[in-house]
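Okay, here's what each chain looks like letter by letter:
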Amino acid sequence: MSTRRRTLLTAAALWLPVAAFAAPITMGFSQVGAESEWRTANSASIKAAAKAAGITLKFADAQQKQENQVKALRSFIAQKVDVIAFSPVVESGWDTVLKEAKAAGIPVILTDRAVKVADPSLYVTFIGSDFVEEGRKAARWLLERAAKTPNATLNIVELQGTVGSAPAIDRKKGFEEVIKTNPKLQIIRSQSGEFTRAKGKEVMESFLKQRDKKIDVLFAHNDDMAIGAIQAIEEAGLKPGQDIVIISIDGVRGAFEAMKAGKLNVTVECNPLLGPQLMQLAQDVVAKKPVEKRITVEEGVFPAEVAAKELPNRKY
Ligand code: GYE
């Protein structure tokens, strides 16, 4: 065999398996929006991890609207992506579009938030936090604190997340389940602040204006709403963290700063850095390897006392 021919054959032999293994995966990702610090960190994690894994990412921001997500999913199906991942803004109303993806043979991975569908085979796996447990953790912290003043009644106001979203439904559920065990703890008002600072502030202002009952505690379903509410509380001439005890969820940098300043009492961690695990899952799913149906994330609770020490370690 001529040297040239041998060289060509060797090159082909080397190239072929590489090409077969490295066929790049295209992922269509439909994100909820950019409503919170958590979401910003989550989007950044997904984009960086896709890049690192060599996955071509088609990223669509739904601006907190389900109709935009449905449109994005349909466009991913039309583009014949290898895998669809999305964080569903609300739990219900996904059956039709997920059936379309299934019919097109495109696997779907849920990240961050869950869906309620009649047929669980409409998605392959769901990676995200246990939101019910987060609500319980928030309430357990409050129960312990309440135990120090056993006779006092504590009036709680609640800022809920996006109406119909898994984290709003589940955090409320977990929180209520635990505070029920102490009749001195009462939720006197509860309304959605849509997971944003602006709305959190606005709703807290309206809570503060109703002067029939004293507010002792605020439970906010995320840090951003708590931070918005802190402003409203200060503008009303009260001291957040002292006059009103504030509990929230996520554990973003802004919350640690608020805790350091003594304005927030505790945050329950919800980790947004799902990108690397999601990309690994996508590769496994496309390669038809078996994956767990439900993958949860390990998370902690951070009271204000540890905020200054923990702040430099925070990654989001
Ligand atoms: O807690 C909130 C965000 O789905 C876990 O959405 C997420 C929630 C998060 O807007 O800040």
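The following refers to the structure shown. This is a predicted model, so every value here is computed, not measured. (Residues numbered from 1 in each chain as written. Predicted model: local features only at pLDDT ≥ 70, side-chain atom pairs only at ≥ 80, totals over all residues. Heavy atoms only, no water.)

**Brief notes about the site of the ligand**
Of all residues adjacent to the ligand, which total 13 residues, the nearest are Glu 35, Asp 112, Arg 113, Asn 222 and Asp 250. Contact between the ligand and Asp 112: an oxygen atom at 2.8 Å from a side-chain N or O atom of the residue. About the coverage of the ligand: the protein hides 100% of its 300 Å² of free accessible area. Only α2 (37-53) and α6 (166-179) provide two or more residues apiece to the shell around the ligand. Along the lines of polarity and charge, the residues of the shell around the ligand split into five nonpolar, two polar and six charged. A domain split of the shell around the ligand shows at least three residues from each of domain 1 (24-129 + 272-298) and domain 2 (131-270). (Near = heavy atom within 4 Å. Polar contact = N/O pair within 3.5 Å; in protein donor to acceptor, adjacent residues only side chain to side chain. Areas by Shrake-Rupley, 256 points an atom, 1.4 Å probe, with all protein chains shown as cover. Helix = DSSP H or I, 4+ residues; strand = E, 2+ residues; numbered from the N terminus. Nonpolar A, V, L, I, M, F, W, Y, C, P; charged D, E, K, R; others polar. Domains from an automatic or database assignment.)

**Some thoughts on the sheet that holds strand β6 (residues 154-160)**
Taken together, the six strands give an open sheet; going across it, the order is β7-β6-β8-β9-β10-β12, and neighbouring strands pair in mixed fashion. In this open sheet, the two strands that pair with only one neighbour each are β7 (185-192) and β12 (301-303). In this sheet, adjacent strand axes meet at a mean angle of 20 degrees when their direction is disregarded. Bridge count between β6 and strand β8 (residues 217-220): four bridges; the pairing is parallel. Paired with Leu 159 across the two strands is Ala 220, which belongs to β8. On top of the sheet, α6 reaches β6, β7, β8 and β9 (245-250); it is set at about 170 degrees to β7, its chief contact. (Pairing = 2+ DSSP bridges. Axes fitted to C-alpha atoms, helices over the stretch in contact; angles between N-to-C directions. Contact = heavy atoms within 4.5 Å.)

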